[in-house]
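Listed below, chain by chain, are the residues.
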Amino acid sequence: MSPQTRLAHSRRRARGRWRVPKLDPAGAARAAELYRRQRALAIAPLALLFAGILGLPLVFALFPGLDQVRLLGVPVSWLTLAVLPYPALTLLARWQLRRAERAEDTP
Amino acid sequence: MILAFAVAPVVLVTLLIGLRGVAAMRTTSDFLVASRRVSPLLNSAAVSGEYLSAASFLGVAGLIVKDGIGALWYPVGFTAGYIAMLVLVAAPMRRSGALTVPDFAEARLASPALRRMTAVVILVIGGLYLVPQFRTAGLVLSAVSETPYWVGVVVAGTGVAITLALGGMRAATYVQAFQFVLKLVLFIVPAVWLLVQVGPSVRHDAVHPAEFTEFERDTRVVFRVGTTLDFTEPTTVHVGQETRVVDGTWDVPQGAKVVFPRGATVPEVAGEARPGGTEWERPLLDISDAGHPLLSTWALVVALALGTMGLPHVIMRFHTSPDGRAARRTAAITVGLLSVFYLFPGIYGVLGHVLVPQLYLSGATDTAVVALPAQVDAGWQGGLFTALLTGGAFAAFLATSLGLVLVVSGAISHDLLPGGLSRLRVTVLIVSAAVVLLALSAIRLDAGVLVTWGFTVAASTFCPLLVLGIWWPRLTVAGAMSGVLVGLFASSGAIAGTLFGLPVHGWLAILVAQPAPWSVPLAFLTMVVVSLRGRPPSWARTAMLRLHLNEDRPVTEADRFRELRDGRG
């Protein structure tokens with residue numbers, strides 16, 4: 001049996017074992033603190049993400065002239081759509097990963 | 001031929017790596033144990049391997065040929081989804097210990113009814129995602145080897161069913177990571193070769209698109225489904241052996257092989273714009289040519305960015321991370337890996353527009369990627385690159401389908417029916433057969449469009465459930481159930497409306513074809529309002545907070561005391 005299949009099987013055995021979730025007081029306080037921190041940290045990257053993916057179409061709609069400007073023969077608007085988002089998203093992911101991990105590392 | 005040289009090696013190497021992986025490290029044969037050793041880089045390669053489906057490998061380029069540069073928004077949305085995943089879901093989902101959304105529903109809200117309901121949602125998402133995989137596999141095999149469409153679909157379905165029935169993908173993490181590297185190489189190398197080989201005039205035409213109005217050479221089109229074409233002038237065409245003059249409306253019969261002569265005016269496909277017009281080169285996507293490209297593009301990216309976190313086969317992958325922190329890293333690295341891959345579909349798209357625009361006549365633009373090499377080089381090189389791309393496409397199809405069929409079968413046999421071990425195996429066969437039957441009748445639907453509907457349903461159901469389940473302690477079972485139900489009916493109802501041709505126009509047509517902008521807020525709102533009217537159980541806050549507690553937290557006094565008491569200190 002393959003690992004994936006076994007995993008699918010093992011789910012059945014795990015059923016019905018639900019227990020009331022418990023946290024010791026120290027853990028609960030720590031979890032509440034982390035929850036608040038991560039929630040605060042989540043706002044900026046999400047705002048940036050949606051500003052980017054909703055803002056760029058708006059730019060294209062407002063400035064159709066970008067289709068006529070060419071860089072190395074290729075319309076600037078094409079390049080902006082085909083290339084630009086990827087380094088931007090990669091940097092955003094890296095930045096947020098650092099922040100989220102730092103929040104967990106500080107006591 | 002192609003089948004032997006392109007598809008067979010991919011399947012064989014996949015199986016071989018699986019077997020070797022197991023032999024090399026005995027302990028990794030257990031997926032669950034292996035999970036503690038898989039590094040974020042390896043795991044994100046595996047996530048990307050499972051995620052890059054036929055829609056990414058073939059569908060995006062096909063949609064560019066058909067709809068224009070705006071189709072490049074699809075890969076942007078596919079990648080952006082992992083940012084939302086990284087910020088909101090990855091780490092807490094891993095810490096919940098849940099493998100699937102039904103598991104999560106049970107862990108967080110302790111409701112068997114919600115578990116069953118989410119299992120039904122998995123069936124809908126899985127169906128919308130699996131059908132285009134099978135369809136595209138059938139289309140590609142029939143395009144490169146001239147077999148009927150159904151042969152390809154049945155071959156694909158049989159391949160998936162046999163692989164899973166024999167025991168699935170062994171050492172799945174290694175196989176999927178290998179599949180990612182394979183797909184990346186098989187996508188990038190032919191793209192570079194094509195760019196070098198096509199010559200300066202094609203490269204010039206590629207960035208100066210002209211409307212496809214006249215056949216530049218004698219062009220042969222195979223119609224795998226009957227199509228209605230509108231001719232503006234009498235045109236002499238060759239249908240098989242016979243020659244005939246057609247004018248006005250012509251219903252092309254199924255299976256017809258038509259040769260259009262050089263210099264003839266290109267007919268129009270009923271209800272679709274010709275590729276390459278002024279709208280084609282705009283970097284916005286006009287869904288169903290409704291005339292509101294900005295709204296269309298917004299609707300699409302919102303659906304894709306929010307839907308990613310609810311895809312069942314992707315969520316399952318995150319369990320391979322040892323802890324929440326590694327899961328978060330996996331999501332972040334995945335953004336980088338996908339970014340490399342998605343730099344290339346555009347190249348196939350713009351070259352496809354110049355070299356194989358006629359594919360849109362028969363609704364087969366999804367085969368543009370594999371049709372390109374033969375246009376550039378008729379010799380052995382073209383044949384070689386066709387085989388490489390077919391192999392890559394099949395790898396894409398296989399990786400996604402195997403994971404999805406297993407998740408869907410698991411949802412049926414574990415969550416919906418009181419299942420047993422043998423039943424899962426039977427379910428796999430039934431699911432594969434059902435998807436084959438659906439795919440046989442779905443030849444007209446583009447892979448990218450169907451997959452996007454899968455994302456839309458995920459965004460309208462699982463996205464609110466996961467986000468509120470992880471970040472809002474007041475979520476109740478009643479709220480979660482009504483929200484999922486509303487999201488499911490709103491999104492799938494709108495999709496059904498589009499499939500059956502609901503007579504709507506303008507911006508309304510967009511909101512029916514791509515309902516995410518209203519169905520996602522509606523589902524969120526329903527969940528919040530219904531939850532606020534009820535009362536969450538006393539343990540609800542603890543159940544939520546537990547998801548945010550990192551596993552490697554500093555040891556507290558209480559922990560140390562417990563360790564001493566249990567004799568482990």
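Residues numbered from 1 in each chain as written. Chains lettered and ligands numbered in written order. Predicted model: local features only at pLDDT ≥ 70, side-chain atom pairs only at ≥ 80, totals over all residues.

When its secondary structure is counted, chain A shows 4 helices and 2 strands. Ordered by position from N to C terminus, the α and β elements of chain A give α-α-β-β-α-α. (Helix = DSSP H or I, 4+ residues; strand = E, 2+ residues; numbered from the N terminus.)

Before going further, it helps to spend a moment on the overall build of chain B. What chain B contains, in helices and strands, is 23 helices and 5 strands. Across the 569 residues in chain B, those meeting the buried criterion constitute 60%. Contacts spanning at least 24 positions in sequence make up 81% of the contacts within chain B whose residues lie at least 6 apart. (Buried ≥ 20, exposed ≤ 12 C-beta atoms within 10 Å, placed from the backbone. Contact = placed C-beta atoms within 7 Å.)

Further remarks concern the nonpolar core. Ranked by internal contacts, the top residues of the largest apolar core, which has 207 residues, are I83, L86, V301, L372, A393 and L466 of chain B. Broken down by element, the residue count for this core peaks at 19 residues, all from helix α16 (residues 380-416) of chain B. Two domains share this core, each providing at least three of its residues, namely domain 1 (2-21 + 29-201 + 298-444) and domain 2 (219-269) of chain B. Every residue in contact with L86 of chain B, bar those within four places of it in the chain, is listed here: A93, Q96 and L97 of chain A together with R328, A331 and A332 of chain B. (Core = buried A, V, L, I, M, F, W, Y, C linked by C-beta atoms within 7 Å. Domains from an automatic or database assignment.)

Here we come to the environment of A378 of chain B. Counting through the fold element by element, A378 of chain B comes out in the loop between α15 (368-376) and α16. A sequence separation of 282 residues divides A378 of chain B from S96 of chain B, and the C-alpha atoms of the two residues are 55 Å apart.

Moving on to the domain arrangement of chain B. All names here are of chain B. What the domain assignment reports for chain B is domain 1 (2-21 + 29-201 + 298-444) and domain 2 (219-269). Counting residues at the interface gives 10 residues for domain 1, matched by 9 residues for domain 2. A class-by-class count of the residues in the side of domain 1 that touches domain 2 yields 5 nonpolar, 4 polar and 1 charged. (Nonpolar A, V, L, I, M, F, W, Y, C, P; charged D, E, K, R; others polar.)

Next up on the list: the packing of helix α10 (residues 200-207) of chain B against helix α14 (residues 345-355) of chain B. Residues and elements named next belong to chain B. The contact between α10 and α14 brings their axes to 9 Å, and the two run at 105°. In this view, α10 runs roughly perpendicular relative to α14, as classed from their interaxial angle. Counted together, V202, D205, A206 and V207 of α10 and V350, L351, V354 and L355 of α14 form the full contact between these two elements. Tallied by class, residues from the contact of α10 with α14 come to 7 nonpolar, no polar and 1 charged. (Axes fitted to C-alpha atoms, helices over the stretch in contact; angles between N-to-C directions. Parallel < 35°, antiparallel > 145°, perpendicular 65-115°, else oblique.)

At a minimum axis separation of 10 Å, helix α2 (residues 25-62) of chain A and helix α11 (residues 293-307) of chain B run at an interaxial angle of 165°. As far as their axial angle goes, α11 of chain B and α2 of chain A are roughly antiparallel. Like other packed secondary-structure pairs, α2 of chain A and α11 of chain B cross with a definite hand, here right-handed. Mapping the contact onto sequence places I53, L54, P57, L58 and A61 of chain A in α2 of chain A and P293, L294, T297, W298, V301 and A305 of chain B in α11 of chain B. Split into classes, the residues belonging to the contact of α2 of chain A with α11 of chain B amount to 10 nonpolar, 1 polar and no charged. (Left-handed = near helix turned anticlockwise from the far one by under 90°.)

With that out of the way, let us pick up helix α13 (residues 324-341) of chain B. The end-to-end C-alpha distance of α13 of chain B, which contains 18 residues, comes to 26 Å, matching closely the 26 Å that a straight helix rising 1.5 Å per residue would cover. Buried residues dominate α13 of chain B, accounting for 17 of its 18 residues. (Expected span 1.5 Å × (residues − 1).)

Looking now at the UniProt feature "transmembrane region" (unreviewed entry) in chain A. Residues and elements named next belong to chain A. Cross-referencing UniProt, the feature "transmembrane region" (unreviewed entry) maps to residues 40-63 and 75-93 in the present numbering. For residues 40-63, the helix share is 96%, the strand share is 0%, and the end-to-end C-alpha distance is 35 Å. Helix makes up 84% of residues 75-93 and strand 5%. Its end C-alpha atoms lie 28 Å apart. (UniProt positions renumbered as here; feature names shortened; annotations may be inferred.)

The next point concerns the confidence of the model for chain A. The share of residues in chain A with pLDDT of 70 or more is 83%, and the mean pLDDT across the chain is 84. Predicted confidence in chain A is weakest over helix α1 (residues 3-14) of chain A, with a mean pLDDT of 54, and strongest over helix α4 (residues 85-105) of chain A, with 94. (pLDDT = per-residue confidence, 0-100.)

Once that is clear, we can look at the environment of V47 of chain B. All names here are of chain B. In this fold, V47 is placed in helix α3 (residues 40-51). Between the C-alpha atom of V47 and that of G277, which follows or precedes it by 230 residues, the distance is 37 Å. Filtering out sequence-adjacent residues up to four positions away, V47 remains in contact with V314, R317, T330 and T334.

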